[in-house]
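Residues per chain, in single letters:
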Amino acid sequence: MRALAISSVFASVFVLAGCGQGAAPEQAAAPAAPPAPVSTVTSRQIMLGLVIPAADIVWGVANEAPADDAAWEKVAATAAMIAEAGHLMSTGSRVVDQGDWLTYVKAMTDAATAAAAGATAKNVDQTSEAGNALYDSCDTCHMKYMPARATEAK
Ligand code: HEC
């Protein structure tokens, strides 16, 4: 069965190679790369649509431990999405500056990654401690970069 599958792969390579020989010159040019997807979401949308709901799930572990393996896996995946939000916030027009912004994004990403590790280990304490660090990372950035809070006394 395996030998059959391999030989059919060779057969199709052979057929494709055969096609190429007769190709007209204009068809031989490298195909144009498909356009890269454009990311247009703002940091505010990332907060509202991803970070806040995901963080609520991570913080919820302290109140009620996930019931089974599948529930833990969802918490781990949700925490990983916060880390991914950090990636989004480190690219494109969302990068406010190359200093504190990136430092604070990294703090959020690191805390979210630690929370994901805690959930993968199905450990309530580990997940909750990372959740506390996550909370601090939100707060630190907001004190400087959230317009509504930037005027608060330092
Ligand atoms: C690197 C900076 C940064 C980090 C880290 C960060 N935020 Fe934000 N957040 C912002 C900015 C900037 C805004 C304001 C966006 C705007 O209104 O244009 C904001 C806005 C918000 C808002 C207000 C939305 C509203 O209704 O006005 C909430 C709530 C929020 N973030 C939650 C979180 C949580 C929860 C975390 C951590 C898990 C977090 N943020 C991490 C930068 C950050």
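Up top you'll find the structure we're talking about.
Definitions and limits used
- Residues numbered from 1 in each chain as written.
- Predicted model: local features only at pLDDT ≥ 70, side-chain atom pairs only at ≥ 80, totals over all residues.
- Heavy atoms only, no water.
- Helix = DSSP H or I, 4+ residues; strand = E, 2+ residues; numbered from the N terminus.
- Expected span 1.5 Å × (residues − 1).
- Buried < 20%, exposed > 50% of the residue type's maximum accessible area, 1.4 Å probe, protein only.
- Arc of directions from axis to C-beta.
- Contact = heavy atoms within 4.5 Å.
- Donors = N, O, S within 2.8 Å, 3.2 Å for Na, K, Ca; no water.
- Tetrahedral: all angles 85-135°; square planar, octahedral: opposite > 155°, others 65-115°.
- Salt bridge = Lys/Arg side-chain N within 4 Å of Asp/Glu carboxyl O.
- Near = heavy atom within 4 Å.
- Polar contact = N/O pair within 3.5 Å; in protein donor to acceptor, adjacent residues only side chain to side chain.
- Nonpolar A, V, L, I, M, F, W, Y, C, P; charged D, E, K, R; others polar.

*Asks:* Teacher, can you tell me more about helix α4 (residues 69-89) here?
*Replies:* It helps to recall that an α-helix has 3.6 residues per turn; residues three or four apart then point in one direction. Over its 21 residues, α4 runs 30 Å from end to end, which matches the ideal 30 Å to within 8%, given 1.5 Å per residue. Taken together, the buried positions of α4 are occupied by Trp 72, Val 75, Ala 76, Thr 78, Ala 79, Ile 82, Ala 83, Ala 85, Gly 86 and Met 89. Axial view of α4: buried residues confined to an arc of 160 degrees, hence all on one face. In α4, the exposed positions that point more than 90 degrees away from the buried face belong to Asp 69, Glu 73 and Lys 74. Looking at the buried side of α4, the elements it contacts are α3 (43-60), α5 (100-120) and α6 (124-145).

*Asks:* Sorry if this is basic, but what is going on with the coordination of the iron atom of the ligand here?
*Replies:* For the iron atom of the ligand, the full set of protein donor atoms is Met 47 (SD) and His 142 (NE2), and the range of their distances to it is 2.0 to 2.2 Å. Each of the six donor atoms around the iron atom of the ligand contributes to a set of angles spanning 84 to 177 degrees, which defines the coordination as octahedral. With Met 47 in helix α3 and His 142 in helix α6, this pair connects stretches of sequence that are 95 residues apart. This pair shows no difference in class: Met 47 is buried, exactly as His 142 is.

*Asks:* Could you clarify how one ought to interpret the pattern of salt bridges in this entry?
*Replies:* Two side chains of opposite charge can pair, provided their charged atoms sit close to one another. Evaluated as defined, the whole model comprises three salt bridges. Residues Lys 122 and Asp 69 are paired through a salt bridge, measuring 3.2 Å at the closest nitrogen-oxygen approach. Separated by 53 residues along the polypeptide, Lys 122 in the loop between α5 and α6 and Asp 69 in helix α4 bring together distant segments of the chain. Relative accessible area serves as the criterion here: at 43%, Lys 122 is assigned to the partly exposed category. A salt bridge links Asp 110 to Lys 106, with the shortest nitrogen-to-oxygen separation between them at 2.7 Å. Here Asp 110 pairs with Lys 106, and both are found in helix α5, just four residues apart, close to one helical turn. Classification of Asp 110 as partly exposed rests on a relative accessible area of 39%.

*Asks:* Please explain the site of the ligand as it appears in this structure.
*Replies:* Looking at the ligand, there are 20 residues lining it, with Arg 44, Met 47, Cys 138, Cys 141 and His 142 nearest. Interatomic distance of 2.8 Å between a side-chain N/O atom of Arg 44 and an oxygen atom of the ligand. Side-chain polar atom of His 142 to a nitrogen atom of the ligand: 2.7 Å apart, as the coordinates give it. Those elements giving two or more residues to the shell around the ligand turn out to be α3, α5 and α6. Ranked by the residues each element gives to the shell around the ligand, the list is headed by α3, at seven residues. Considering only residue class, the shell around the ligand consists of 17 nonpolar, two polar and one charged.

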